[in-house]
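Read off the chains here:
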Amino acid sequence: MSHITEKGGGTFQGIKLLLCENPLPPIDQAIAAARSELPRSNYYTEPYSAPLRSLISEQLGISERLIHINAGSELILRQLFDRFGQQVHLLTPTYVLFPEIARHYTETRLSPEKDFAYDLADVVIPEGTTLTVIVNPNNPNGGVFDMASLPELLSRHPKTMFLIDEAFIGLAGKSVTHLVPKYPNLLVTRTLSKAHSLAGFRVGYGIFPEAVADDLNNRNDAYPLARPSQAAAIATLQNEERIQERASQLRLWTEELAVQLRTLGVRTFPTETYFFLADFSPHDASRIADQLRSRNILIKPLNDPVLGPGYMRITTALPEDNRRFIDALREVMSGA
Ligand code: PMP
């Protein structure tokens, strides 16, 4: 639990640019669908989230047998690390959970000089690696990897499992789920917490080789999702066009926010999602975050030992809140 270092969830009422949460609420159809399930909550849902599984299977063109659904993708990621994470290779900086739950890990550094981009064809995976993790689009910078060389990597390293965390794929990037049936060492995880605005409903899923999917499914709760969560997930996935429109809107707000930061002299890095990295050097990001917190604005210093103290990950809020954030930041940075 310690990777969540800030009070970010639940009751906080200020401006949050913190946990990579989508600032837009669930779409209306999701709320209506969840609400209509409430009076039926004395009954269990269909076992193994059957209707959701069948919709995902249909939309991705992947056999239901390869799909594992659970209450949020973090839970799924933890299970995969339990099973395969003896010796992990990470592309860092990465999602903060991973260094925390890997038993041992080695890393390939993504560098600010290259805007945190990386050609996967160049990745060197040390001997003995059991699990290589690629987050696409990556957290914390929001950039996408070109996945064209993935098949070659998968074939070249048959003894390492490759986990592609597609938590933010609804915002940008090319999915690799279609490769799962062809490669026994490819695992893909996804969540409806990000582009789909359902973080509080806790819906995650994975597309795995049959043996892995069978094992996780056999050991899983028969009812991993609450009725309202399953209904909200189905209603949201049935309105993917709306989700894509909202994703474009979010990317626009993100770009506008980055422009504002640059006018304050802050360096921002390219992103294709609704969050990005910013380098506040010579300012100290933790100090800025502390001062903003006292103004009821929550933001996340990166605390990466290699990048140093200037880095912050910034998630867009709604435009009005972004304006308040920039005003507060201007005051803080000018020492007011
Ligand atoms: N993967 C990445 C890259 C994330 O950033 C997050 C949450 N911030 C998750 C997985 C977990 O999301 P959830 O448990 O809500 O599905």
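Rules and cut-offs
- Residues numbered from 1 in each chain as written.
- Predicted model: local features only at pLDDT ≥ 70, side-chain atom pairs only at ≥ 80, totals over all residues.
- Pairing = 2+ DSSP bridges.
- Helix = DSSP H or I, 4+ residues; strand = E, 2+ residues; numbered from the N terminus.
- Contact = placed C-beta atoms within 7 Å.
- Axes fitted to C-alpha atoms, helices over the stretch in contact; angles between N-to-C directions.
- Domains from an automatic or database assignment.
- Near = placed C-beta within 6 Å.
- Nonpolar A, V, L, I, M, F, W, Y, C, P; charged D, E, K, R; others polar.
- Core = buried A, V, L, I, M, F, W, Y, C linked by C-beta atoms within 7 Å.
- Buried ≥ 20, exposed ≤ 12 C-beta atoms within 10 Å, placed from the backbone.
- Arc of directions from axis to C-beta.

A few words on the sheet that holds strand 9 (residues 267-268). Within the open sheet, the five strands sit side by side as 1-11-12-10-9. Their pairing is mixed. With one partner strand each, in any of the chains shown, strand 1 (15-17) and strand 9 form the two edges of the open sheet. Judged from the two bridges that link them, strand 9 and strand 10 (residues 275-279) form a sheet pairing that is antiparallel. Paired with Thr 268 across the bridge in strand 10 is Ala 278. Contacts between helix 9 (residues 285-293) and the sheet are confined to strand 11 (297-301) and strand 12 (311-315), with strand 11 contributing the most and set at about 165° to the helix.

What follows is about the domain arrangement of the protein chain. Once the domains are mapped, the protein chain shows domain 1 (15-25 + 241-333) and domain 2 (40-239). The distance between the C-alpha centroids of domain 1 and domain 2 comes to 25 Å. Of the residues lining the interface, 25 residues belong to domain 1; the matching set on domain 2 comes to 24 residues. Counting residues per element, the ones that place at least two in the side of domain 1 that touches domain 2 are helix 8 (240-263) and strand 10. For the side of domain 1 that touches domain 2, the element with the most residues is helix 8, which contributes five residues.

Around the ligand, 13 residues are found, and the nearest of them are Gly 72, Ser 73, Glu 74, Thr 191 and Ser 193. Among the residues forming the shell around the ligand, the class breakdown is five nonpolar, six polar and two charged.

A word on the nonpolar core. Val 133, Phe 162, Leu 163, Leu 187, Ala 232 and Ala 233 are the most contacted members of the largest nonpolar core, which totals 55 residues. Every residue in contact with Ala 232, bar those within four places of it in the chain, is listed here: Pro 26, Ala 30, Ala 33, Ala 34, Leu 198 and Phe 201. Residues Ile 15, Cys 20, Ala 195 and Leu 329 belong to the second largest nonpolar core, which totals 36 residues.

Reading across from one edge, 2-8-7-6-5-3-4 is the order of the seven strands in this open sheet, with mixed pairing throughout. Taken across any chain shown, the strands that pair with only one partner, and hence form the sheet edges, are strand 2 (67-70) and strand 4 (105-109). Each strand of the sheet is rotated relative to its neighbour by a mean of 20°, with strand direction disregarded. Note that strand 3 (residues 88-92) and strand 4 share five bridges and pair parallel.

This next bit is on the environment of Arg 287. Take Arg 287: it is sitting in helix 9. Residue Arg 287 is classed as partly exposed on the basis of its 13 C-beta neighbours within 10 Å. Taking the C-alpha atoms as reference points, Arg 287 and Val 332, 45 residues apart in sequence, are found 9.5 Å from one another.

When we look at burial in helix 9, the residues that qualify are Ala 285, Ile 288, Ala 289 and Leu 292. Seen end-on, helix 9 carries its buried residues on one side only, within an arc spanning 100°. Structurally, helix 9 contributes buried residues whose contacts are with strand 11, strand 12 and helix 10 (319-333).

What follows covers the pairing of strand 7 (residues 186-191). Counting buried residues along strand 7, six of its six residues qualify, which places the element largely inside the surrounding structure. A two-sided burial pattern is seen for strand 7, the buried positions comprising Leu 186, Val 188 and Arg 190 on one face and Leu 187, Thr 189 and Thr 191 on the other. Bridging between strand 6 (residues 161-165) and strand 7 involves four bridges; their strand directions are parallel. Residue pairing in the sheet places Phe 162 in a bridge with Leu 186 of strand 7. Bridging between strand 7 and strand 8 (residues 204-207) involves four bridges; their strand directions are antiparallel. Considered in strand 8, the bridge of Thr 189 is made with Gly 206.

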